[in-house]
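Working through the structure, step by step
For reference, the chains in residue letters:
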Amino acid sequence: MSRWSPYDTDEGRLPDGMQRVGYDANTQTYSYRDRNGRYWEGTPGSRYGILDRSSSGYQPMVEASEQAVRKGKNEDWRYILPFFLLVSVVLLALFRFLGSASTPTPLVCPRNSIQYLVKSGDSCWAIANDHSATVADLLTLNHGLDCRLLEAGSELCVPVSE
């Protein structure tokens, strides 16, 4: 046998023509409306029971308060927009910084020297020996050159033998 009963619904418990229309969580009371449009309130804390005529009546949300809610939602953008602008500026600066670092600057060699493209297996000694120079000459022409870290495809300035 099921536990459901016809008295579990509003139609079974409320008088004819009564309809439950609201609930106030602060006072824990339900609001009801009869056929004539008058409002009634239940006793606090109970769903059904003795109904008393409401002095204030149930006040559903009116258009003015709905507009205030909509206005509040639009005002949220005022606080979020500066955050998005700040993030955009940081991202643009980051992309600009990364973009400028990726463009190689052309190697400009001083007088009495030429550009040399390092090949696989080259060493500072071999490059200097092929161009009748010393490793010290290579190091003075190429500031910051580390002979242990030569890579194929990089460019160096090598002295021209006169």
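Note: the structure precedes this text.
Each value, and the rule that gives it
Residues numbered from 1 in each chain as written. Predicted model: local features only at pLDDT ≥ 70, side-chain atom pairs only at ≥ 80, totals over all residues. Heavy atoms only, no water. Phe/Tyr/Trp six-rings, centres within 6.5 Å; stacked < 30°, edge-to-face > 60°. Buried < 20%, exposed > 50% of the residue type's maximum accessible area, 1.4 Å probe, protein only. Helix = DSSP H or I, 4+ residues; strand = E, 2+ residues; numbered from the N terminus. Disulfide = S-S within 2.5 Å.

A few words on the packing of aromatic side chains. Tallied over the entire structure, the rule returns two aromatic pairs. Residues Tyr-23 and Tyr-30 carry aromatic rings whose centres are separated by 4.6 Å and whose planes lie at 45° to one another, so their mutual orientation is tilted. Judged by centre distance (5.8 Å) and plane angle (55°), the ring pair of Phe-83 and Phe-84 falls under tilted. Judged by its relative accessible area of 52%, Phe-83 falls in the exposed class.

What follows concerns the environment of Gly-121. Looking at where Gly-121 falls in the secondary structure, it is placed in the loop between β5 (113-117) and α3 (124-130). Sequence spacing of Gly-121 and Glu-151 is 30 residues, and the spatial spacing of their C-alpha atoms is 8.9 Å.

Inspection of every chain in the model, using the stated rule, returns two disulfides. Across the disulfide, Cys-109 is cross-linked to Cys-157 (sulfur-sulfur distance 2.0 Å). Sign of the S-S torsion, about -90° for the bond between Cys-109 and Cys-157, identifies this disulfide as left-handed. Placement of Cys-109 in the loop between α2 (63-102) and β5 and of Cys-157 in strand β6 (residues 155-159) is noted, with a sequence separation of 48 residues between them.

Right, let's get into unusual backbone geometry. Positive phi values are uncommon outside glycine, yet Gln-28 reaches one of about 55°. By the secondary structure assignment, Gln-28 is in the loop between β1 (19-24) and β2 (29-33). One non-glycine residue, Ser-132, lies in positive phi territory at about 55°. Structurally, Ser-132 is set in the loop between α3 and α4 (135-141).

That is the geometry; function is a separate question.
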